[in-house]
Amino acid sequence: MNRARFAFVTLSAAVLAACASQAPPVPRVAQQYQIAQPVAFAKNPDTQVYTLGDGGPNAQNVNGLQVGADGAFYFTVAATPTATPWPTAGEIGRFNPVARTQTFAAVPYMPGAIDETASGAVFVQEFNNTSGTPTVDRYSGIGGTDKQITVAFGPPDFQAPWNGMSSNFVVGADGLLWFASSLSPDLAEIHQSTNTATVFPLKTPSGGFPPNPQFVVLGTDHYIYTTDATNNGVIRVASTGSSKGANTFTALPGGFDNFVYSPQGITEGSDGRLYVSELAAGAQNYSGSQLDSAVPAKSLSFTSVGLPAGAVPYLFAPDANGVVYFSDYRYYGLGVYNTSTGSMVDLPLPAPIDGGIVIDSKGVPWSACISALVLPRQACVERVALTSTWEVFPAATLTLYTQDEYGNPLPPGLLGIGETGNSGPFTVSSSNTHVCTAQVVSGFDHNIAVNPLKAGTCTLSITDAHARTVKTYVTVVSGKGIPQMHVRPGRLR
């Protein structure tokens, strides 16, 4: 995202408020939540966590996660950037979701997106390198021979602590591998037969700035769609035919070129609609972020979908049954949106979600994750096997805090109810209302707010419409607690 332009945020606040008032009303829960801390011996039975890479300093964050043509998960990991210049080393790997095994190899650059094609070749974007040249590496396999492909992207249109790219790969209607620059106003495609790249400049919308493309998706209409972080919109690009590369811009509901919103992830659900993360990058804690939807068409028209508990959608993965999963970067949880019913839940996960989501051959979502919200930590992948028997996320035994280390009162904890169907409506009661109270979040009946009142223990009894009750055990700690309510995702483009 163009950080140089954020200085204009306060100057345009009144204008933004006027623009936002024209968007369709969106149901919101404005309350903040702390992340409940799962007790180690009581992890949710529907989740399993697996470390990626060697677990060392170069494997702290997941920068890329993609299902390859062979059905395995291909990943890139790197160190957490803590100073400038950013790291120029990392690891790439392959994770087998059936055997739960991995192979990985070190690389002399900070890797970004990764994908494996039907040819067996593995393509990796260099997110940050020592040369400063935009480069994609083509490997014969993990640890195999490397062919470097130089990409003639235009010069960066703003300064950033990285010099490469971190978009994602998608196969276009022409059968070639497409991706965005994330620094320059260009898209590109790779010809696997020649190991060369063709660059397609994106037009600057009238009255706007040069585009800053982020993530890409191929629509069923055979067009490439990319989010534009600079102008707060989506760009539609012809990926085949005589007009290949021709593109048009559509603004998102948050308003055109408003210096506040910065759209990121984009996908197309099995319902045939596009889904976009409209990140409120200029707002504290990303409050006001939106999930937008539109039918792919020459004349796009996006509307916003209500989000539970002020969630911040970042990256997406649709399944074949009408569900769109998204990574929530406010509470580090998994968002689950049912496109046919309109229901949505935010599931806080035992290992904080941090990056992309993939769907395995059985339809089970896996998320990129980190072992802890503070350093040192390890990159990981987390399996979330939702079943017809609902479970409470992030765990059945939790710790909440009444105050931070300075004595300031803390907000309620957020719980999620995960399932494949709909067992609601749910009710919840507390065994000790002097220690904690709880209520179902209004408008989002699969999320529960737990209010810690004073130190002690309390048991929550959550009951569904079929009289099934699940108990969640809560320990409330007063003072000296520093629960992680949210961390700004420092690796956002």
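This section reports on the structure supplied with the text. (Residues numbered from 1 in each chain as written. Predicted model: local features only at pLDDT ≥ 70, side-chain atom pairs only at ≥ 80, totals over all residues. Heavy atoms only, no water.)

## A word on the overall build of the chain
- The number of helices and strands found in the chain is one helix and 37 strands.
- Expressed as a percentage of its 493 residues, the buried residues of the chain come to 60%.
- When contacts within the chain are restricted to residue pairs at least 6 apart in sequence, those whose partners lie at least 24 apart make up 55%.
- Carbon and sulfur atoms make up 54% of the accessible area of the chain, which totals about 18400 Å². (Helix = DSSP H or I, 4+ residues; strand = E, 2+ residues; numbered from the N terminus. Buried < 20%, exposed > 50% of the residue type's maximum accessible area, 1.4 Å probe, protein only. Contact = heavy atoms within 4.5 Å. Areas by Shrake-Rupley, 256 points an atom, 1.4 Å probe, with all protein chains shown as cover.)

## Notes on the pattern of salt bridges
- Evaluation of the coordinates by the stated rule reveals four salt bridges.
- A salt bridge links Asp-70 to Arg-94, with the nearest nitrogen and oxygen atoms 3.2 Å apart. A residue pair is termed long-range when its members are at least 10 positions apart, and Asp-70 in the loop between β3 (61-67) and β4 (73-78) and Arg-94 in strand β5 (residues 90-96) qualify at 24 residues.
- The class for Arg-94 is partly exposed, based on a relative accessible area of 28%. (Salt bridge = Lys/Arg side-chain N within 4 Å of Asp/Glu carboxyl O.)

## Some thoughts on the environment of Ser-239
- Its place among the elements puts Ser-239 in the loop between β17 (233-238) and β18 (247-251).
- Judged by its relative accessible area of 1%, Ser-239 falls in the buried class.
- If near-sequence neighbours (up to four positions away) are discounted, Ser-239 is found in contact with Gly-172, Ala-173, Asp-174, Trp-178, Leu-218, His-222, Ile-224 and Lys-244.
- There is a polar contact of 3.2 Å between the side chain of Ser-239 and the backbone nitrogen of Ala-173. (Polar contact = N/O pair within 3.5 Å; in protein donor to acceptor, adjacent residues only side chain to side chain.)

## A few points about the sheet that holds strand β33 (residues 427-430)
- Strands sit in the order β1-β31-β37-β36-β33 across an open sheet of five strands; the sheet is mixed. Among the strands making up the open sheet, the edge pair consists of β1 (37-38) and β33.
- Taken together, the eight bridges between strand β36 (residues 456-463) and strand β37 (residues 469-477) define a ladder with antiparallel strand orientation. Looking across to β37, one finds that Ser-461 is bridged to Lys-471. (Pairing = 2+ DSSP bridges.)

## Points about the side chain of Thr-47
- Within the fold, Thr-47 resides in strand β2 (residues 47-51).
- Residue class for Thr-47 comes out buried when judged on its relative accessible area of 10%.
- Polar contacts involving the side chain of Thr-47 include one to the main-chain carbonyl oxygen of Asn-44, which spans 3.1 Å.
- Every residue in contact with Thr-47, bar those within four places of it in the chain, is listed here: Pro-350, Glu-382, Arg-383, Val-384 and Phe-393.

## Some words on unusual backbone geometry
- The omega angle of the peptide bond from Thr-84 to Pro-85 is 5 degrees, so this bond is cis rather than trans.
- A cis amide bond, omega 10 degrees, links Gly-424 with the succeeding residue Pro-425.
- Position of Pro-425 relative to the elements: it lies in the loop between β32 (413-418) and β33.
- Here the phi dihedral of Arg-100 falls at roughly 60 degrees; this positive angle occurs in a residue that is not glycine.
- Counting through the fold element by element, Arg-100 comes out in the loop between β5 and β6 (101-107).
- Its relative accessible area of 30% is what places Arg-100 among the partly exposed residues.
- If you check the backbone angles, Asn-195 has positive phi at about 55 degrees while not being a glycine.

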